[in-house]
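One-letter residues, chain by chain:
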Amino acid sequence: MAKVKTSFFCQSCGAQSAKWVGKCPACGEWNTYVEEVLETTKTTTKPWEESSSKRSATRQAVALEQIKAGSVSRIQSDDKEFNRVLGGGIVPGSLILLGGEPGIGKSTLLLQLAVSLPELKVAYVSGEESEQQIKLRADRLGGDANNCFVITETSTQSIFQLLKQLKPDLVIVDSIQTLHTAFIDATPGSVSQIRQCAGEMQRYAKESEIPVFLVGHITKDGNIAGPKILEHIVDTVLQFEGDQHYAYRILRTIKNRFGSTAALGIYEMQNNGLRQVNNPSEILISQREEPLSGITIAATIEGLRPMLIETQALVSPAVYGTPQRSATGFDLRRLSMLLAVLEKRCGFQFGIKDVFLNLAGGIKVEDPAIDLAVVCALLSSFEDVALSPRICFAGEVGLSGEIRAVNRIEQRIAEADKLGFEQVFISKYNKGLETGRFRATITPVSKVEEVYQLLF
Ligand code: TYD
Ligand code: MG
């Protein structure tokens with residue numbers, strides 16, 4: 001019997017080692033090495049080439065000048081958000097990875113895409129759900145299901161054979177972790193299997209010019225399970241994120257060979273699937289009559305879209321020895337920093353208070369321009385003075401309490417203007433702004449103390 005060749009792979013970054021090591025020398029993670037069996041069958045024919053192996057030999061080197069870029073026509077789906085996130089539609093022959101936590105709606109998003117393209121033949125390969133489950137879901141989504149073919153198969157060889165018969169225009173694989181190839185003798189979901197299967201899918205996509213979507217699971221720390229290598233193989237990496245307890249979902253691009261990574265799509269999960277959200281600001285601001293303390297509105301930008309988000313803070317006397325700090329949708333360390341700035345520069349005693357911070361809609365914001373709104377919400381709750389709901393804020397707060405300039409200020413103000421805000425607080429250092437263009441009053445401020453004096 002031939003000796004089985006094995007090797008150790010880091011499950012986090014995909015590095016290979018002949019021996020087991022405790023700490024990965026490549027990515028520094030501990031205890032991530034797992035033994036995997038290397039190839040046991042040696043064949044040179046690739047599964048999808050069995051009868052058409054002459055095809056690749058007919059390819060020739062082409063001068064860059066002679067390639068017509070205009071000949072690439074992207075597939076446009078009904079879903080405008082999705083087209084935009086992909087940089088203007090689906091590029092033929094591209095391999096697209098969609099990552100996200102379990103239950104966030106990856107399968108729903110892609111099945112919805114499949115049934116919304118009646119003129120295209122779509123193959124939906126599922127290793128996770130049965131045909132009945134997919135049918136139930138498709139019924140729930142509505143749409144035209146005549147063009148969609150379900151393949152519940154997990155061996156790549158069989159999948160390629162079925163695809164050869166079916167000749168689809170678009171392939172969806174849910175999920176890459178469930179696939180396995182006979183060329184490698186490792187368990188499905190292991191690093192070598194994922195890498196090999198993704199590689200086979202990539203060659204299939206490139207040679208057939210059919211776009212392939214791969215669903216990828218995410219590990220606890222938010223990385224796409226399996227190695228980073230997967231991100232190198234594919235053309236586009238999309239991430240679907242959101243809070244399970246809220247209906248809003250954000251589709252981000254992490255990598256895109258055919259477009260910008262700044263685009264972003266916002267969806268709402270409903271009973272009959274995902275609905276595109278075209279006016280995020282209007283839903284992220286709760287409609288209320290009387291002003292309440294601790295609430296401010298931040299003019300943020302996510303991706304390239306301006307979004308007005310409600311920021312809520314609650315500051316109350318600490319009952320227990322250690323005051324509590326809690327933040328939803330906002331970085332807790334950044335909250336501690338802002339509290340320290342308020343304590344040191346303005347003399348507010350936050351050290352003896354519990355502080356809670358919440359952003360509306362379960363949305364996570366990384367834009368630093370939200371700082372000023374957070375600070376004002378904290379002060380408003382601390383003083384128990386309500387601010388007018390017609391004021392919004394855009395500014396980053398520095399360590400010495402200075403208000404820093406933020407990017408795309410005009411876009412932010414224009415969005416606030418559109419929604420009828422009367423006053424916008426911005427940094428004094430945002431230069432070259434034509435304030436006359438806007439209906440809202442623009443108030444430039446340079447320090448946290450200054451904002452406090454103006455508002456309270
Ligand atoms: P799913 O697409 O199965 O998530 P993933 O593939 O990322 O694991 O979506 C799961 C959730 O979406 C599930 O909790 C139910 C909810 N859902 C709806 O609210 N409405 C719908 O129309 C569908 C199909 C699912
Ligand atoms: Mg799923």
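Residues numbered from 1 in each chain as written. Chains lettered and ligands numbered in written order. Predicted model: local features only at pLDDT ≥ 70, side-chain atom pairs only at ≥ 80, totals over all residues. Heavy atoms only, no water.

1. Remarks on the site of ligand 1
At step 1: In the vicinity of ligand 1, 15 residues are found, and the nearest of them are Gly 103, Ser 107, Thr 108, Gln 270 and Gly 273.
At step 2: Gly 273 places a polar main-chain atom, nitrogen or oxygen, 2.7 Å from an oxygen atom of ligand 1.
At step 3: Protein chains bury 76% of the 560 Å² of accessible surface belonging to ligand 1 in isolation.
At step 4: When contributions to the shell around ligand 1 are tallied by element, the ones reaching two or more residues are α3 (106-115), α4 (131-141) and β11 (264-270).
At step 5: When residues of the shell around ligand 1 are assigned to their parent elements, the largest contribution, 3 residues, is made by α3.
At step 6: Tallied by class, residues from the shell around ligand 1 come to 3 nonpolar, 8 polar and 4 charged. (Near = heavy atom within 4 Å. Polar contact = N/O pair within 3.5 Å; in protein donor to acceptor, adjacent residues only side chain to side chain. Areas by Shrake-Rupley, 256 points an atom, 1.4 Å probe, with all protein chains shown as cover. Helix = DSSP H or I, 4+ residues; strand = E, 2+ residues; numbered from the N terminus. Nonpolar A, V, L, I, M, F, W, Y, C, P; charged D, E, K, R; others polar.)

2. Comments concerning a nonpolar patch on the surface
At step 1: Taken together, the side chains of Val 62, Leu 64 and Ile 67 define a hydrophobic patch exposed on the protein surface, amounting to about 330 Å² of accessible area.
At step 2: Tracing the backbone through its elements, the reader meets Ile 67 in the loop between α1 (54-57) and α2 (80-85). (Patch = residues over 30% accessible without salt bridge, like charges linked within 9 Å, V, L, I, M, F, W, Y side chains within 5 Å. Salt bridge = Lys/Arg side-chain N within 4 Å of Asp/Glu carboxyl O.)

3. Some remarks on the pairing of strand β5 (residues 122-126)
At step 1: Taking burial as the measure, the 5 residues of β5 include 5 buried ones, the bulk of the element.
At step 2: Note that β5 and strand β6 (residues 148-151) share 4 bridges and pair parallel. Paired with Val 125 across the strands is Ile 151, a residue of β6.
At step 3: Since β5 and β6 lie parallel, the crossover through α4 that links them has a hand, and here it is right-handed. (Buried < 20%, exposed > 50% of the residue type's maximum accessible area, 1.4 Å probe, protein only. Pairing = 2+ DSSP bridges. Right-handed = clockwise from strand over helix to strand, strands pointing away.)

4. Some words on the pairing of strand β8 (residues 212-217)
At step 1: Among the 6 residues of β8, 5 are classified as buried, and the element is accordingly described as predominantly covered.
At step 2: Where strand β4 (residues 95-100) meets β8, 6 bridges bridge the pair, whose relative direction is parallel. If you follow Leu 95 over to β8, its bridge partner there is Val 212.
At step 3: Pairing between strand β7 (residues 170-174) and β8: 4 bridges, direction parallel. The residue bridging Asp 174 from the neighbouring strand is Val 215, located in β8.
At step 4: Taken together, β7, helix α6 (residues 191-208) and β8 constitute a β-α-β crossover, and its handedness is right-handed.

Note that every value here comes from positions in space, so none of it alone points to a role or purpose.
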